[in-house]
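Descriptive structure summary
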Amino acid sequence: MREECEVYDAFLRDGSVPADDSAFWSGWLPLVERTIARGVKVLRARVVSEPVTDYIRLEHAITDANLRAGEDIRWLGRRRASTLALPGNDFWLIDDPGRALERLLR
């Protein structure tokens, strides 16, 4: 948690984001890479309120690292999510169940 606060503070200060090989990513990116290497698809839906907060702007700024690791990420406004009978918050779909949702979010 402290590390996330430091990343957030740095982003607010100068727009910087952690490198892919930083301690910030040490658990998540390798997990995604191993999952993808097994042939499993990882789809993340980021459901956001608008206007976006500074924290959501940070999440958007670090999304490139998630994409390089193999996640397939889509952004969706919370108002639109409610009309699609989707959860009102971020969620992941792992492997085939994401195909129908993937078509909705494109």
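Presented here is an overview of the structure given in this document. The structure presented is a predicted model; accordingly, all values stated were derived computationally and were not measured.

Details of the pairing of strand 2 (residues 72-77)
Most of strand 2 is tucked away: 5 of the 6 residues are buried. The pairing of strand 1 (residues 42-48) with strand 2 spans 6 bridges and is classified as parallel. Each residue of the ladder has a partner; that of V47, found in strand 2, is L76.

With respect to helix 1 (residues 2-14)
The end-to-end C-alpha separation of helix 1 is 18 Å, in line with the 18 Å expected for 13 residues at 1.5 Å each. Within the span of helix 1, buried status applies to V7, A10 and F11. Here the buried residues of helix 1 occupy an arc of 100° about the axis, which is enough to place them on one side. Residues R2 and R13 are exposed on helix 1 and point more than 90 degrees away from its buried face. Tucked inside the fold, the buried residues of helix 1 contact helix 3 (54-69).

What about the sheet that holds strand 2?
Adjacent strands of a sheet form backbone hydrogen bonds with each other and so pair up, either parallel or antiparallel. Strand order in this open sheet of 3 strands is 2-1-3, and the pairing throughout is mixed. In the strand order of this sheet, the two ends are held by strand 2 and strand 3 (91-94), each with one partner. The sheet shows a mean angle of 20° between the axes of neighbouring strands, taken without regard to direction. Relative to strand 3, strand 1 is paired through 4 bridges, and the arrangement is antiparallel. Residue pairing in the sheet places A45 in a bridge with F91 of strand 3. Against the sheet, helix 3 engages strand 1 and strand 2, with an angle of about 160° to strand 2.

Overview of helix 2 (residues 28-37)
Taken together, the buried positions of helix 2 are L29, V32 and T35. When helix 2 is viewed along its axis, its buried side chains cluster within an angular range of 125° and face the same direction. Exposed residues lying more than 90 degrees from the buried face of helix 2 are R34 and A37. Elements that come into contact with the buried residues of helix 2 comprise strand 1 and helix 3. Just downstream of helix 2, G39 is the residue with a positive phi angle, here 90°.

What to know about the packing of aromatic side chains
Within a pair of aromatic rings, the relevant descriptors are the distance that separates the centres and the angle that separates the planes. Counted by the stated rule, this structure contains 2 aromatic pairs. Ring plane angle 45° and centroid distance 5.8 Å describe the contact between Y8 and Y55, whose orientation is recorded as tilted. Taken together, the residues Y8 in helix 1 and Y55 in helix 3 connect sequence positions 47 residues apart. The class of Y55 is partly exposed, set by a relative accessible area of 32%. Taking the centre distance of 5.0 Å and the plane angle of 80° together, the rings of F24 and W25 count as edge-to-face.

Cut-off values and rules
- Residues numbered from 1 in each chain as written.
- Predicted model: local features only at pLDDT ≥ 70, side-chain atom pairs only at ≥ 80, totals over all residues.
- Heavy atoms only, no water.
- Buried < 20%, exposed > 50% of the residue type's maximum accessible area, 1.4 Å probe, protein only.
- Helix = DSSP H or I, 4+ residues; strand = E, 2+ residues; numbered from the N terminus.
- Pairing = 2+ DSSP bridges.
- Expected span 1.5 Å × (residues − 1).
- Arc of directions from axis to C-beta.
- Contact = heavy atoms within 4.5 Å.
- Axes fitted to C-alpha atoms, helices over the stretch in contact; angles between N-to-C directions.
- Phe/Tyr/Trp six-rings, centres within 6.5 Å; stacked < 30°, edge-to-face > 60°.

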